[in-house]
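Structural overview
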Amino acid sequence: SQETMDKFIREANRAGLQISVHCESDRSIEQVLWAMEKALRDFPRTDHRHRIEHLELPTHNQIERMASAGIMASMQPAFFPAFIGLENMEIYETLLGKTRLSRVHPYRTILDHDIPICGGSDSPVTPYDPLTGIQAAVNHPNADERVSLHEALEMFTTTAAWSAFEEKDKGTVLSGKFADLVVLGDDPFAVNSEEIADIAIVQ
């Protein structure tokens, strides 16, 4: 119930915890977002990094409110090749209709509202491989929601580390940080955007 969600998020926020709740469609997003907004009015925090996991079908109003409240998105672009289909979204269109279809995984809209997006896999739902997610974000079937390769890489590196309060240890290759990195067999900026997931991991 909304009351249960409100109480849980209010108490967690007052305890200084980071809150992350899984929800996909606009109704579930509304329940969590509304609870987070109330909790932050009740006990304001400047660097809470609360986040909504999946956020597959937010409304424009919800995106605007997330930006205002400082709530980030944690999303899984690999859902496209795994479930939704990169070539077309005909099945999704029959389920959602054209209007809602345009709101599926709206990466560009979210980033344009200055909301950080943490990229993930939701493994074992999809494979861990971040290159698959990066390729999917760059090649969103809705061209209006595509992100640049640089933005997609940030989703899975710097923003991913920041989303977990781990930016001092991970996310960039700098002296003093963990050697949390890979050596790629090719330059992602030099290959075709549809071949990013095929780049070999040398080490």
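Criteria and cut-off values
- Residues numbered from 1 in each chain as written.
- Predicted model: local features only at pLDDT ≥ 70, side-chain atom pairs only at ≥ 80, totals over all residues.
- Heavy atoms only, no water.
- Pairing = 2+ DSSP bridges.
- Helix = DSSP H or I, 4+ residues; strand = E, 2+ residues; numbered from the N terminus.
- Axes fitted to C-alpha atoms, helices over the stretch in contact; angles between N-to-C directions.
- Salt bridge = Lys/Arg side-chain N within 4 Å of Asp/Glu carboxyl O.
- Buried < 20%, exposed > 50% of the residue type's maximum accessible area, 1.4 Å probe, protein only.
- Polar contact = N/O pair within 3.5 Å; in protein donor to acceptor, adjacent residues only side chain to side chain.
- Contact = heavy atoms within 4.5 Å.

A separate point is the sheet that holds strand β1 (residues 20–23). In spatial order, the strands read β1-β2-β3-β4; together these 4 strands make up an open sheet with parallel pairing. Looking at the sheet topology across the chains shown, the edges are occupied by β1 and β4 (117–119). Recorded for the sheet is a direction-independent mean angle of 25 degrees between the axes of neighbouring strands. As paired strands, strand β3 (residues 72–75) and β4 are joined by 3 bridges and run parallel to one another. Residue pairing in the sheet places serine 74 in a bridge with cysteine 118 of β4.

Moving on to the pattern of salt bridges. A full pass over the atoms with the stated rule returns 12 salt bridges. Of the charged contacts in the structure, one is a salt bridge between lysine 38 and aspartate 6, with a shortest N-O distance of 2.5 Å. Here the residue lysine 38 occupies a position in helix α2 (residues 26–42), and aspartate 6 occupies one in helix α1 (residues 2–14), the gap between them amounting to 32 residues. Owing to a relative accessible area of 26%, lysine 38 belongs among the partly exposed residues under this scheme. Connected through shared salt-bridge partners, Glu30, Glu37 and Arg65 make up one network.

Note that serine 74 resides in strand β3. A polar contact is formed between the side chain of serine 74 and the side chain of glutamate 53, at a distance of 2.8 Å. Excluding residues within four positions of it along the chain, serine 74 makes contact with Arg51, Ile52, Glu53, His54 and Cys118.

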